[in-house]
Amino acid sequence: MTESGPRPGEAEPPVLFEARDLVKRFRTRRHVVQAVNGVSLRIPRGRTVGLVGESGSGKSTVARLALRLLDPTSGELNFDGIDLMRVSRAEMRALRRRMQIVFQDPLGSLNPRMRVVNAVGEPLAVHGLAKGRALVDRVVELLERVGLSSADVYKFSHQFSGGQAQRIGIARAVATDPDLIVCDEAVSALDVSVQAQVLNLLKRLQAELGLSYLFIAHDLNVVRYMADEVCVMYLGQVVERGDGDALFRDPRHPYTRMLVAAVPEFAPAEGKGRRSVPRGEPASPSDPPPGCRFHPRCPEAMRRCEQEAPVLRRIAADRVVACHLFDPADAPPVYSPVPLPDSLPDSTEASAT
Ligand code: ADP
Ligand code: MG
């Protein structure tokens, strides 16, 4: 956990990626699924932002929106100063060289008879970065970088274990020398010991290559290990955001407290007696409850929570929470519903804390 958190004396690196007020609704035959409902996040260069929340909270949808693999219903996306909502399809395709994704099962979508050289080399070929002998050489270099060897280059992807397959997926993601990698449940299918190796590989590559990660997982331990800053999602919304370690040590939103209390390693000793076990199931995103979406499950719900949706407010230097328990009338909302054209939201918040 040593690398996470603010680094004293260091200026915050520039923002590489920013999403503002992302909304995604899926229209199915019967419903409108409100999968993502006003999510904002910002990833500084070289840092890791974690996204955690129960299954169905909208994490994968955020991942796909971030890379414009899906079109948002509304919202803004900015990557290294480029407005992703205004680029053409061709420009977006070219930008994907700099924005990659690692899935839970990266080789699952590929033909099992595909050789490693093609699996890892495909993005190089697609972006016209290498071909022929140079492509093979680059793939060998990438395999060695992720802990595999030149002997693997002509093997078939189905010949590898889960951990090795994930290394191949990571080699494929870093092949084009990206700035941002979205990891969506990238280690969730692996055994704990293999998980640790792959997480350490991701950390090493981040240090060596200056990568920024949007790191998504439902497992709090995994996110805590990786993320400098964590966003907790519930039913399509961020309900709490803060420094990784501090957030898990001192969760404030009742939902985060519920998640943390369910992980034995995190439950504070003095809280053991009154440990809240996650209760109930999330509501359906096609029929979310009025007011605070969490109120039907919240042990501290008040009358107001049934009627009025809380907005994210800054409650400490490095913590924002959307909950009426922390809602003094004078605290300004963190992300204004009307986009502020020429000032970043944090600079306006800072004066208010
Ligand atoms: P998570 O990754 O946190 O488990 P997802 O982003 O996959 O959550 O899904 C969020 C919600 O959106 C879920 O209720 C899911 O069923 C729904 N959803 C995701 N993709 C689609 C789609 N293509 N069509 C309809 N509903 C979808
Ligand atoms: Mg998912």
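Here, every reference points to the structure presented above.
All chains use their own residue numbering, which begins from 1 and follows the written sequence. Chain labels run from A onward and ligand labels from 1 onward, assigned in the order the entries are written. The predicted nature of this model means local features are confined to residues of pLDDT at least 70 and side-chain atom pairs, given and counted, to a pLDDT of 80 or more, with totals for whole chains, interfaces and linings taken over all residues. Side-chain numbers come from the whole structure's heavy atoms, not from hydrogens or water.

Undergrad: I keep staring at the site of ligand 1 and nothing clicks. Help me out?
TA: Inspection of the region around ligand 1 gives 14 residues, with G56, G58, K59, S60 and T61 positioned closest. Polar contact is defined as a pair of N or O atoms within 3.5 Å, subject to the rule that within protein one atom must be able to donate a hydrogen and the other to accept it, and that residues adjacent in sequence are counted only when both atoms are side-chain atoms. A distance of 2.7 Å separates an oxygen atom of ligand 1 from a polar backbone atom of G56. G58 has a polar backbone atom sitting 3.0 Å from an oxygen atom of ligand 1. The method behind every accessible area is Shrake-Rupley, applied with a 1.4 Å probe, and residues are considered shielded solely by the protein chains displayed. Within the complex, 66% of the 560 Å² of free accessible area of ligand 1 lies under protein. Each helix is a run of DSSP H or I of at least 4 residues and each strand a run of E of at least 2, with the numbering of both proceeding from the N terminus. Those elements that provide at least two residues to the shell around ligand 1 are β2 (32-44) and α1 (59-66). Per element, the largest residue contribution to the shell around ligand 1 is 4 residues, and it comes from α1. Polarity classes work like this: nonpolar for Ala, Val, Leu, Ile, Met, Phe, Trp, Tyr, Cys and Pro, charged for Asp, Glu, Lys and Arg, and polar for all others, with Gly in that last group. Looking at side-chain class alone, the shell around ligand 1 contains 4 nonpolar, 7 polar and 3 charged residues. Nearness here has a simple test: a residue counts as near a molecule or strand if at least one of its heavy atoms is within 4 Å of that partner.

Undergrad: Would you mind showing me how to read the packing of helix α3 (residues 116-126) against helix α5 (residues 162-174) here?
TA: For the pair α3 and α5, the least separation of the axes is 7 Å and the interaxial angle reads 30°. One element, α3, and the other, α5, form an angle in the roughly parallel class. Residues V116, A119, V120, E122 and P123 of α3 form the contact with α5, whose own contacting residues are I168, A171 and R172. Within the contact of α3 with α5, the residues separate by chemical class into 6 nonpolar, no polar and 2 charged. Convention adopted: a line fitted to C-alpha atoms gives each axis, helices being fitted over their contacting stretch, and angles between N-to-C directions are expressed from 0 to 180 degrees. In what follows, roughly perpendicular refers to angles from 65 to 115 degrees, roughly parallel to angles under 35, roughly antiparallel to angles over 145, and oblique to any angle outside these ranges. Here a residue-residue contact requires only that any non-hydrogen atoms of the pair lie within 4.5 Å.

Undergrad: Just to check I follow, could you spell out the pattern of salt bridges for this structure?
TA: Close approach of charged atoms lets side chains of opposite charge pair. Criterion for a salt bridge: a side-chain nitrogen of Lys or Arg within 4 Å of a carboxyl oxygen of Asp or Glu. In this structure the tally under the stated criterion is 23 salt bridges. Between R145 and E208 there is a salt bridge, with the nearest N and O atoms lying 3.2 Å from each other. With R145 in helix α4 (residues 132-145) and E208 in helix α6 (residues 192-209), the pair connects residues that are 63 residues apart, well separated along the chain. Residue R145 is classed as partly exposed on the basis of its relative accessible area, which comes to 30%. Across the pair R204 and E208 runs a salt bridge whose closest N-O atoms are separated by 3.2 Å. Here the residue R204 and the residue E208 both occupy positions in helix α6, the gap between them amounting to 4 residues, near one helical turn. Throughout this description, buried means an accessible area under 20% of the type-specific maximum (1.4 Å probe, protein chains only), exposed means over 50%, and partly exposed covers the range between.

Undergrad: Quick question: what am I supposed to make of the environment of L135 here?
TA: Structurally, L135 is set in helix α4. Note on L135: relative accessible area 11%, which makes it buried. Separated by 11 residues in the primary sequence, L135 and L124 place their C-alpha atoms 7.3 Å from one another. Apart from the residues within four sequence positions on either side, L135 is in contact with V117, G121, L124, A125 and A130.

Undergrad: Which parts of the structure should I look at to understand the pairing of strand β6 (residues 99-102)?
TA: Successive residues of a regular strand alternate their side chains across the two faces of the sheet. Both faces of β6 are covered, namely the face carrying M99 and I101 and the face carrying Q100 and V102. At least two DSSP bridges between two strands are needed for those strands to be called paired. Direction of pairing for β6 relative to strand β7 (residues 180-184): parallel, over a ladder of 4 bridges. Bridge pairing in β7 places V102 opposite C183.

Undergrad: Hey, could you run me through the packing of aromatic side chains in this one?
TA: Ring pairs (aromatic) are described by centroid distance and by the angle formed between their planes. Two aromatic rings from Phe, Tyr or Trp, using only the six-membered ring of Trp, form a pair when their centres are within 6.5 Å; if the ring planes differ by under 30 degrees the pair is stacked, by over 60 it is edge-to-face, and anything between is tilted. Summed over the entire model, instances satisfying the criterion amount to 3 aromatic pairs. With a centroid separation of 5.3 Å and an interplanar angle of 65°, the aromatic rings of Y255 and F294 are classed as edge-to-face. Within this pair, whereas Y255 is found in helix α9 (residues 254-261), its partner F294 is found in the loop between α9 and α10 (303-307), the two being separated by 39 residues in sequence. Taken as a pair, Y255 and F294 share a single burial class, namely buried. Through a chain of ring-to-ring contacts, the aromatic side chains of Y234, Y255 and F294 assemble into a single cluster.

Undergrad: Looking at this structure, I do not really get the sheet that holds β2. What am I missing?
TA: Sheet strands pair by backbone hydrogen bonding; their relative direction is either parallel or antiparallel. What the 4 strands build is an open sheet, ordered β2-β1-β4-β5; its pairing is antiparallel. Looking at which strands have only one partner, the edges of the open sheet turn out to be β2 and β5 (82-83). Sheet topology places strand β4 (residues 74-79) next to β5; 2 bridges connect them, and they run antiparallel. Note on β5: the bridge partner recorded for N78 is D83.

Undergrad: Can you walk me through unusual backbone geometry in this structure?
TA: Excluding glycine, residues mostly have negative phi values, and the peptide bonds linking residues are mostly trans. With a phi angle near 50°, D80 is a residue other than glycine that sits in the positive phi range. Checked against the element boundaries, D80 lands in the loop between β4 and β5. Since its relative accessible area comes to 34%, D80 is described here as partly exposed. With a phi close to 55°, E185 is a non-glycine residue in the positive phi region. Of note, E185 is situated in the loop between β7 and α6. Relative accessible area serves as the criterion here: at 11%, E185 is assigned to the buried category.

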